[in-house]
Amino acid sequence: MEIVRGYAHTSERWRGSVAAIGNFDGVHAGHQAVIRTAVAAARKQAAPAAVITFEPHPRQFFAPRIEAFRLTVPATKAHRLEQLGVQVVFELNFDRDFSRLEASDFAAQVLARGLGVTQVMVGEDFRYGYRRLGTPATLADDGKRFDFRVAVMPMVSNDEIEVSSTVIRSALVEGRPEDAARMLGCWHQLRGVVARGEGRGRKLLSMPTANLDLGQQQHPKQGVYAALVEIHDGEHAGNYRGAASLGTRPTFGDNPPNLEVHLFEFDGNIYGCDISVSLVKYLRCERAFDSVDELQAQMQRDCEHARLTLDRMQDFPRLDS
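Residues numbered from 1 in each chain as written. Predicted model: local features only at pLDDT ≥ 70, side-chain atom pairs only at ≥ 80, totals over all residues. Heavy atoms only, no water.

K.L.:
Give me the nonpolar core: which residues, what numbers.
P.N.:
Ranked by internal contacts, the top residues of the largest apolar core, which has 27 residues, are Ile52, Phe90 and Leu111. Elements represented by at least two residues in this core include exactly strand S2 (18–21), strand S3 (49–55), strand S4 (88–93), helix H5 (103–115) and strand S5 (119–123). Here the element with the most residues in this core is H5; it accounts for 7 residues. Setting aside residues up to four positions removed in sequence, Ile52 forms contacts with Ala19, Ala20, Ile21, Gly22, Phe24, Phe90, Leu92, Leu111, Leu115 and Val117. Within the second largest apolar cluster, 21 residues are counted, among which are Leu190, Tyr225, Val229 and Val261. (Core = buried A, V, L, I, M, F, W, Y, C linked by side-chain atoms within 4.5 Å. Buried < 20%, exposed > 50% of the residue type's maximum accessible area, 1.4 Å probe, protein only. Helix = DSSP H or I, 4+ residues; strand = E, 2+ residues; numbered from the N terminus. Contact = heavy atoms within 4.5 Å.)

Structure, rendered in structure tokens:
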């Protein structure tokens, strides 16, 4: 899959594409329905299967000081789109000038002249253009003017609850990662580069941990979880199981929140590696302990609880299955 940043100089290879349009944060079941429809139509027409998305997320652009909310970092989103059969992602820079494009100018300049799409798929809640005045209906009208077709997909429901990024965020904040996974179609992942912490896990607790700064990613409920970990690069690349703690480490004072994960049966050096952590089961809330020994004993119990939990867990289906 190729990622094209911008729309001004689109290769002839990708013109004539069938494209799904949206932020697609999380690439949840509703997003997947739109994207699968675009991919199927592209294959039928022997056209490129594309996704048009925006970076930074418009919400982040308009409110840069807002609390972290992203469900997927760009690398995770790109991987999931590729699994769904997307051949090219047009990642459009959402800056001040782009935010002021009128809806009709977006259709004319970006979709028709810039990218040369033949058909676009959007969800029924899709909004675009200056002040979000563009709707699926206005897009369909513009499509007739600029010679591209428009298909509108209905919202997807899960147990009579409409699937949305907002509902998934709520599930994570409330410590319900299994519910989030059902809407995503896979385990929710937190991704980042392993940073050096203060070394307490290895030195004081005999339990080394990988530390992640979550950046703009949505923080799930603070506490201890059973976790699945994927190391994406380096000599230890692969999949592992573990126990993770998300919080402020109150036993050691007042600290900024971060994610620490201990990998079972692992003793390699992964500083600087790109990893993804799936928090798959909430085990307990975070609390302060009276001593390091008390904390260490609890961590051992947490690891045993996580092992038993993971032994009973069932994997979610792959996006491309």
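K.L.:
Would you mind going over the sheet that holds strand S12 (residues 238–247) in detail, with residue names and values included?
P.N.:
With antiparallel pairing, 6 strands are arranged side by side in an open sheet as S9-S14-S11-S12-S13-S10. At either end of the open sheet lies a strand with only one pairing partner, and these are strand S9 (190–193) and strand S10 (210–212). With strand direction ignored, the average angle separating the axes of adjacent strands in the sheet is 35 degrees. Relative to strand S13 (residues 258–263), S12 runs antiparallel, the two sharing 6 bridges. Following the sheet pairing, Ala244 is matched in S13 by Val261. (Pairing = 2+ DSSP bridges. Axes fitted to C-alpha atoms, helices over the stretch in contact; angles between N-to-C directions.)

K.L.:
I'd love a proper account of unusual backbone geometry, names of residues and values included.
P.N.:
With an omega of -5 degrees, the peptide bond running from Glu55 to Pro56 counts as cis. The topology assignment puts Pro56 in the loop between S3 and helix H2 (58–62). Of note in this structure, Ala46 is not a glycine but carries a positive phi near 55 degrees. In this fold, Ala46 is placed in the loop between helix H1 (29–45) and S3. Judged by its relative accessible area of 73%, Ala46 is exposed.

K.L.:
Could you give an account of the packing of aromatic side chains, naming the residues involved and the relevant values?
P.N.:
The tally for this structure, following the rule as stated, stands at 11 aromatic pairs. Look at Phe61 and Phe94: their rings are 5.5 Å apart centre to centre, the planes differ by 70 degrees, and that puts the pair in the edge-to-face class. With Phe61 in helix H2 and Phe94 in the loop between S4 and helix H4 (96–99), this pair connects stretches of sequence that are 33 residues apart. For Phe61, a relative accessible area of 28% puts it in the partly exposed group. Aromatic side chains Phe98 and Phe106 sit 6.2 Å apart centroid to centroid with 85 degrees between the ring planes, which places their arrangement in the edge-to-face category. The pair formed by Phe98 and Phe106 is uniform in burial state, with each residue classed as buried. Positioned above the aromatic ring of Phe69, the side-chain terminus of Arg59 is 4.4 Å from the ring centre. (Phe/Tyr/Trp six-rings, centres within 6.5 Å; stacked < 30°, edge-to-face > 60°. Lys NZ or Arg CZ within 6 Å of the ring centre and 35° of its normal.)

K.L.:
Requested: an account of the pattern of salt bridges, with residues and values cited.
P.N.:
If you walk through the whole model with that rule in mind, you get 16 salt bridges. A salt bridge links Lys77 to Glu55, with the nearest nitrogen and oxygen atoms 3.7 Å apart. Taken together, the residues span a long stretch of sequence, with Lys77 in helix H3 (residues 74–83) and Glu55 in strand S3 at a distance of 22 residues. Considered together, Lys77 and Glu55 belong to a single accessibility category, that of buried residues. (Salt bridge = Lys/Arg side-chain N within 4 Å of Asp/Glu carboxyl O.)

K.L.:
Can you explain H1? Please cite residues and give values.
P.N.:
Taking 1.5 Å of rise per residue, the 17 residues of H1 would be expected to cover 24 Å, and the 24 Å separating its terminal C-alpha atoms lies within 8% of that figure. Those residues of H1 not exposed but buried are Gly30, His31, Gln32, Val34, Ile35, Ala38, Val39, Ala41 and Ala42. (Expected span 1.5 Å × (residues − 1).)

K.L.:
Could you give me a rundown of the side chain of Asn211, with the residues and numbers involved?
P.N.:
Tracing the sequence through the fold places Asn211 in strand S10. Within polar-contact distance, the side chain of Asn211 engages the side chain of Asn258 at 3.2 Å. (Polar contact = N/O pair within 3.5 Å; in protein donor to acceptor, adjacent residues only side chain to side chain.)

K.L.:
Could you give me a rundown of H5, with the residues and numbers involved?
P.N.:
Turn by turn, an α-helix covers 3.6 residues, leaving residues three or four places apart pointing in a common direction. Along its 13 residues, H5 runs just 16 Å from first to last C-alpha, ending more than 12% under the 18 Å computed at 1.5 Å per residue. Along H5, the residues that are buried comprise Ala103, Phe106, Ala107, Ala108, Val110, Leu111, Ala112, Gly114 and Leu115. Check the buried side of H5 and you find it contacts S2, S3, S4, H4 and helix H6 (136–146). Once H5 finishes, Gly116 follows within two positions and takes phi at roughly 65 degrees, a positive value.

K.L.:
Lay out the pairing of S3 with the relevant residues and their values.
P.N.:
Within S3, 7 of the 7 residues are buried, which leaves the element mostly enclosed by the surrounding structure. Every second residue of S3 is oriented toward a common face, with Ala49, Val51, Thr53 and Glu55 on one face and Ala50, Ile52 and Phe54 on the other, all of them buried. One ladder, built from 4 bridges, connects S2 with S3; its direction is parallel. Bridging across to S3, Ala19 finds its partner in Ala50. As a crossover connection, the stretch from S2 through H1 into S3 is right-handed. As paired elements, S3 and S4 share 6 bridges and run parallel to each other. Bridge pairing in S4 places Val51 opposite Val89. (Right-handed = clockwise from strand over helix to strand, strands pointing away.)

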